[in-house]
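An overview of the molecular structure
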Amino acid sequence: MRYLIFSDLHGNLEAVQALKKFLHRRKIDHFICLGDLVGYGASPNEVIQEVRELSPLTVIRGNHDKAICDQESLGSFNPIAAAAIHWTRANLSEENHHYLSQLPQGPMTVNGTITICHGAPFDEDYYIFGEFDAAEAFLHLKTSINFFGHTHFPYVYSESDHLVQGNYLTGDRKEIRLKQGTSYLINPGSVGQPRDRNTRAACAIYDSEKKRVSFHRMAYDILNAQNKIREAGLPSALSERLTMGI
Ligand code: ZN
């Protein structure tokens, strides 16, 4: 099976369109989305529509998806992110609001072999940013292949013989071979708001037969995404950061 793992689309339609174009040439059996379909970007309805058209095997909610439906969870948001949540809430169709409200919370095990979560398996809002966090996460994971999102950084944590190691992926394309007896906790990066100073949309493909995970980056029409953010009256920082990849 070949799984496309993608996360943190954040209402960026142009980035999602680049992802779809990338998929034209590839055989994918299942789509798995790690949450945050909306927030920050100016095309939340269109992005939800695109995701639904993929008929994903699983979509779990992210903290932004949750905040759209649950006022109380906005407390942890900075003012710019909170402004984007208010804007998204006001501009989302009733149907798409309902779609977000029924997204399940992670962690979730898919096909009995892959566990997914948005932030961390013990807290969907938690950022896994180092080996110590990853070690804690591994304590909560029962499968050897696991994926997380939320940080917007493509990253691979591995654990074998109680040794947790983090590997940061640079460049546009990378592939890792999965070893027997090792557990993995992998972030595919963000589709709609990459933060690793690489402006391109990110995703990963997990091939369960070949025991490989490949990481991919796709250039997209950043200017158009930025114009929409400005025209929508969303905070300008949300537009500017896309050209910096932060
Ligand atoms: Zn996010």
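This text goes with the structure placed above it.
Residues numbered from 1 in each chain as written. Predicted model: local features only at pLDDT ≥ 70, side-chain atom pairs only at ≥ 80, totals over all residues. Heavy atoms only, no water.

**Let's talk about the coordination of the zinc ion**
Note on the zinc ion: its protein donors are Asp8 (OD), His10 (NE2), Asp36 (OD) and His152 (NE2). The metal-donor distances range over 2.0 to 2.6 Å. Here the zinc ion binds four donor atoms, and the angle range of 89 to 174° at the metal identifies the geometry as irregular. Mapped onto the sequence, the residues coordinating the zinc ion show the spacing D-x1-H-x25-D-x115-H. Placement of the pair is His10 in the loop between strand S1 (2-6) and helix H1 (13-23) and His152 in the loop between strand S6 (145-147) and strand S7 (155-160), with a sequence separation of 142 residues. (Donors = N, O, S within 2.8 Å, 3.2 Å for Na, K, Ca; no water. Tetrahedral: all angles 85-135°; square planar, octahedral: opposite > 155°, others 65-115°. Helix = DSSP H or I, 4+ residues; strand = E, 2+ residues; numbered from the N terminus.)

**Here we look at the pattern of salt bridges**
Oppositely charged side chains are able to pair whenever their charged atoms sit close together. Summed over the entire model, instances satisfying the criterion amount to eleven salt bridges. One salt bridge in this structure joins Asp196 and Arg217, with 2.7 Å as the shortest N-O distance. Placement of the pair is Asp196 in the loop between strand S10 (183-187) and strand S11 (201-207) and Arg217 in strand S12 (residues 212-218), with a sequence separation of 21 residues. For the pair Asp196 and Arg217, a shared accessibility class is recorded, and that class is buried. Several salt bridges converge on common partners, so that one network encompasses Arg61, Lys66, Glu124 and Asp125. (Salt bridge = Lys/Arg side-chain N within 4 Å of Asp/Glu carboxyl O. Buried < 20%, exposed > 50% of the residue type's maximum accessible area, 1.4 Å probe, protein only.)

**Brief notes about the sheet that holds S10**
What the six strands build is an open sheet, ordered S4-S5-S6-S10-S7-S8; its pairing is mixed. Sheet topology places strand S4 (108-110) and strand S8 (163-168) at the edges, where each strand pairs with a single neighbour. If you compare each strand with its neighbour and ignore which way they point, the axes differ by 20° on average. Helix H6 (residues 131-139) rests against S6, S7, S8 and S10 of the sheet, and its axis sits at about 125° to S8. (Pairing = 2+ DSSP bridges. Axes fitted to C-alpha atoms, helices over the stretch in contact; angles between N-to-C directions. Contact = heavy atoms within 4.5 Å.)

**Notes on the nonpolar core**
Leu4, Phe6, Leu19 and Leu37 are the most contacted members of the largest nonpolar core, which has 47 residues in total. In terms of residues, this core owes the most to one element, H1, which gives seven residues. Setting aside anything within four residues of it in sequence, one finds Leu19 in contact with Leu4, Phe6, Val191, Cys203 and Met218. (Core = buried A, V, L, I, M, F, W, Y, C linked by side-chain atoms within 4.5 Å.)

**Here's the deal with the sheet that holds strand S2 (residues 30-33)**
Two modes of strand pairing occur in sheets, parallel and antiparallel, and in both the strands are linked by backbone hydrogen bonds. Here six strands make up an open sheet; going across it, the order is S3-S2-S1-S11-S12-S9 and the pairing mixed. The sheet is open, and its two edges are formed by strand S3 (58-59) and strand S9 (174-177), each paired on a single side.

**Structural notes on the environment of Gln71**
In this structure, Gln71 sits in the loop between helix H3 (63-69) and helix H4 (79-91). Put simply, Gln71 and Ile85 are 14 residues apart on the chain and 9.7 Å apart in space, counted from C-alpha to C-alpha. Apart from the residues lying within four places of it in its own chain, the contact partners of Gln71 are His86 and Arg89.

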